[in-house]
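# Inside the fold
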Amino acid sequence: MGSLGSLNFVEICLFYDSIHSLLPPPSYSRIWLHPFSTATQRTAGEDCSSEDPPDELGPSLAERALKLKAVKLEKEVQDLTLRYQRAVADCENIRKRTQRCVEDAKIFGIQSFCKDLVEVADILEKTTECISEETEPGDQKLTLEKVFRGLSLLEAKLKSVFAKHGLEKMAPIGDKYDPHEHELICHVPAGVGVQPGTVALVRQDGYKLHGRTIRLAQVEVAVESQRRL
């Protein structure tokens, strides 16, 4: 190869291109990225140090919040416990009062009825005293009249007491036989005007208290008489 002065312009350009191709390419990434990566790391470090609070302040704030919450919950538990104890005490008092009222109702439920029966006992006692004091030997007619008046007065008073307290005597003659109100004693042949299956005779009166049967009436029930061939 001759000197560069003897070469023309085209040959010189080809020469430089051949030399440039033999050289390694420049590392542009190293030149430009390294400074930026260092700055980025430094900036991130500075930001973290500026935003994060010191380690010794974190636990103290958390503990303070937990203590306040614990105090609040403790007060709520005490309040609920007190209200529960009061409710239990009130329920117990109500239960005792109710039980006492039930016991009193069992004992004194017939107090009004007994008070009215005392008047019946007074009438019976006065009638007996009057008969024993004024009766002379041989005067049986006067004695029977006094007994009759006393018994009539006694019966009227008893009916008044029964009606006052809802006690009603049943009169089932002619009614259809009802096992819930009547106690069958026997069957009798049906007479004239008596329908079979109805009450023909009452042996013992039955009673109802406010519409509820408390004693069945003992009755005889009529049946159709059998015809003889």
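The name given to the protein in an unreviewed UniProt entry is GrpE protein homolog, with the source organism recorded as Spermophilus dauricus. The UniProt entry for the protein carries this comment under Subcellular location (unreviewed entry): "Mitochondrion matrix". Under the UniProt heading Subunit (unreviewed entry), the entry covering the protein gives this text: "Probable component of the PAM complex at least composed of a mitochondrial HSP70 protein, GRPEL1 or GRPEL2, TIMM44, TIMM16/PAM16 and TIMM14/DNAJC19."

In an α-helix, one turn spans 3.6 residues; hence positions three or four apart end up facing the same way. In a regular helix each residue adds 1.5 Å, so 25 residues correspond to 36 Å; helix 5 (residues 140–164) covers 36 Å between its end C-alpha atoms and thus fits that length. Looking only at helix 5, the buried set comprises Thr-143, Lys-146, Gly-150, Leu-154, Val-161 and Phe-162. Gly-166 lies just past helix 5 and shows a positive phi near 75°.

Where strands meet in a sheet, backbone hydrogen bonds hold them as pairs that are either parallel or antiparallel. Read from one edge of the open sheet, 3 strands run 2-6-3, paired in mixed fashion. The open sheet has two edge strands with one neighbour each: strand 2 (182–189) and strand 3 (199–204). In this sheet, neighbouring strand axes are inclined to one another by 30° on average, regardless of whether the strands run parallel or antiparallel. Sheet analysis places strand 3 next to strand 6 (residues 217–223), joined by 4 bridges and oriented antiparallel. Among the inter-strand pairings, Val-202 is bridged to a residue of strand 6, identified as Val-219.

Once that is clear, we can look at the UniProt feature "coiled-coil region" (unreviewed entry) in the protein. Under the UniProt annotation, the feature "coiled-coil region" (unreviewed entry) is placed at residues 63–97. Along residues 63–97 the backbone is 100% helical and 0% strand, and the end-to-end C-alpha distance reaches 51 Å.

Taken in spatial order, the 3 strands line up as 1-4-5 in an open sheet, and their pairing is antiparallel. Two strands lie at the open edges of the sheet, namely strand 1 (167–169) and strand 5 (212–215), each paired on one side alone. Strand-to-strand twist of the sheet, defined as the mean angle between neighbouring strand axes without regard to direction, takes the value 35°.

Another aspect to go through is the pattern of salt bridges. Enumeration over the complete set of coordinates arrives at 8 salt bridges. With a shortest N-O distance of 2.6 Å, Arg-203 and Glu-220 are connected by a salt bridge. Here the residue Arg-203 occupies a position in strand 3, and Glu-220 occupies one in strand 6, the gap between them amounting to 17 residues. The partly exposed category is assigned to Arg-203, whose relative accessible area is 49%. Using a relative accessible area of 8% as the deciding quantity, one classes Glu-220 as buried.

A few words on the nonpolar core. In this structure, Met-170, Val-199, Ala-217, Val-219 and Val-221 together form the largest nonpolar core, which totals 5 residues. Excluding its chain neighbours within four sequence positions, the residues that come into contact with Val-221 are Tyr-177, Leu-184, Cys-186, His-187, Val-188, Gly-197, Thr-198 and Ala-200.

Reading guide: rules and limits
Residues numbered from 1 in each chain as written. Predicted model: local features only at pLDDT ≥ 70, side-chain atom pairs only at ≥ 80, totals over all residues. Heavy atoms only, no water. UniProt positions renumbered as here; feature names shortened; annotations may be inferred. Helix = DSSP H or I, 4+ residues; strand = E, 2+ residues; numbered from the N terminus. Expected span 1.5 Å × (residues − 1). Buried < 20%, exposed > 50% of the residue type's maximum accessible area, 1.4 Å probe, protein only. Pairing = 2+ DSSP bridges. Axes fitted to C-alpha atoms, helices over the stretch in contact; angles between N-to-C directions. Salt bridge = Lys/Arg side-chain N within 4 Å of Asp/Glu carboxyl O. Core = buried A, V, L, I, M, F, W, Y, C linked by side-chain atoms within 4.5 Å. Contact = heavy atoms within 4.5 Å.

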